Amino acid sequence: MPPAGKRRGKYLGFVAHEIKNPLATALWSCDLLKRMDTADRSGPRAEKMVDASLRALRRMRRLVDDFFTIERLNEHGYELHSETIELRSLVDAAMAALTEKDGMATQGWSVDVPGQVLVSGDVEMLRRGLRVVLEHMAKGSQAPLTLVGHAAPSGGELMVRSSEPPDPLVPPVPEERPSGDPIGSVLGYALAETIFAAHGGSLQEREGALLIALPKK
């Protein structure tokens, strides 16, 4: 793994490159809206431009937010509040967020996570990491996910499996991936890895699935 400073430099350059197109789209749409007659700004053409601007801005927001979260975690810039929580509660909250905020259907997913499996960490940050992993596994496929959790000597583990997993299961580092991710999620896997590592946990491939290990302190 390259030194942290070099890795940060790569991510910064990557994010700067990735936001060029959505920034141009948002500016172009706003410029056209400004030039339109007042009556036309409520028409279907204007609505399309507003929608295009919002998609572009959301894409940029996610890229920038994920990037700076990774940076702050690597530099220990967050005060992580540790509390003990049921792993099942984290799973349920992450699935609910995917449905409510991202419009992703989770009906039909198989969830086998006993309530007595406990882990420790910053609850909001762990939910965010788990949500990103579930999104990564489900994106681009209609196949339901299977989530199996169990207690481990150090805390809890969650296996996330799909009959149609993404290929590759573990994506290349962001700067080696094609540009133009439509929702700005290209840093998502790196973010999840960073979140779990900051809690003393891990995210790794295991037998064609992703295994999340979290401690209990």
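Placed above this text is the structure.
Note that the structure is predicted; figures quoted are calculated from it, not measured. Note that residues are indexed from 1 along each chain, following the sequence as it is written. Since the coordinates come from a predicted model, pLDDT governs what is reported: local features require at least 70, and pairs of side-chain atoms require 80 or more to be given and counted, while whole-chain, interface and lining totals use all residues. Values reported for side chains reflect all heavy atoms of the structure, with hydrogen atoms and water molecules removed beforehand.

Q: Would you take a moment to explain the layout of surface pockets for this structure?
A: Rolled over the atoms, a probe with the dimensions of a water molecule shows which regions are left empty. Only protein atoms enter the 1 Å grid used here, on which a cavity is any set of points holding a 1.4 Å probe that cannot leave and a pocket is any open set flanked by protein within 12 Å on both sides along at least five of seven lines; residues with an atom within 4 Å of a point are listed as lining. Grid points are joined across faces, edges and corners, and a volume is the space filled by probe spheres set on the points. Approximately 900 Å³ is the volume found for the largest pocket. In this text, helices come from DSSP runs of H or I with a minimum length of four residues, and strands from runs of E with a minimum of two, each type numbered from the N-terminal end. Ranked by residue count, the leading element in the lining of the largest pocket is helix α3 (residues 44-74), at 9 residues. A per-class count over the lining of the largest pocket returns 11 nonpolar, 2 polar and 14 charged. Three categories are distinguished: nonpolar for Ala, Val, Leu, Ile, Met, Phe, Trp, Tyr, Cys and Pro, charged for Asp, Glu, Lys and Arg, and polar for the others, with Gly belonging to the last.

Q: Would you explain helix α4 (residues 87-102) in this entry?
A: Note: α-helices contain 3.6 residues per turn, so residues at a spacing of three or four share the same orientation. Any helix carries an expected span of 1.5 Å times its number of residues minus one. Taking 1.5 Å per residue, 16 residues should reach 22 Å; α4 reaches 22 Å between its end C-alpha atoms and fits that length. For every residue, the accessible area (1.4 Å probe, protein chains only) is compared with the maximum for its type, and the residue is labelled buried under 20%, exposed over 50%, or partly exposed between those bounds. Considered for burial, the residues of α4 that qualify are Leu-87, Leu-90, Val-91, Ala-94, Met-95, Ala-97 and Leu-98. End-on view of α4: buried residues confined to an arc of 155°, all on one side of the axis. Looking one or two places after α4, you find Gly-103, whose phi comes out positive at around 65°. Directions drawn from the helix axis to the C-beta atoms are what define this arc.

Q: Looking at this structure, how should I read the pattern of salt bridges?
A: Side chains that differ in sign of charge can pair as their charged atoms come close. By salt bridge we mean one thing: a side-chain nitrogen of Lys or Arg within 4 Å of a carboxyl oxygen of Asp or Glu. With the rule as written, the count across this model stands at 9 salt bridges. Note that Asp-102 and Arg-131 form a salt bridge whose closest N and O atoms lie 3.0 Å from each other. One end of the pair, Asp-102, is in helix α4; the other, Arg-131, is in helix α5 (residues 123-138), with 29 residues separating them in the sequence. What makes Asp-102 partly exposed here is its relative accessible area of 37%. Among the residues examined, Arg-131 registers a relative accessible area of 24% and is labelled partly exposed. Between Arg-127 and Glu-124 there is a salt bridge; the shortest N-O distance is 2.8 Å.

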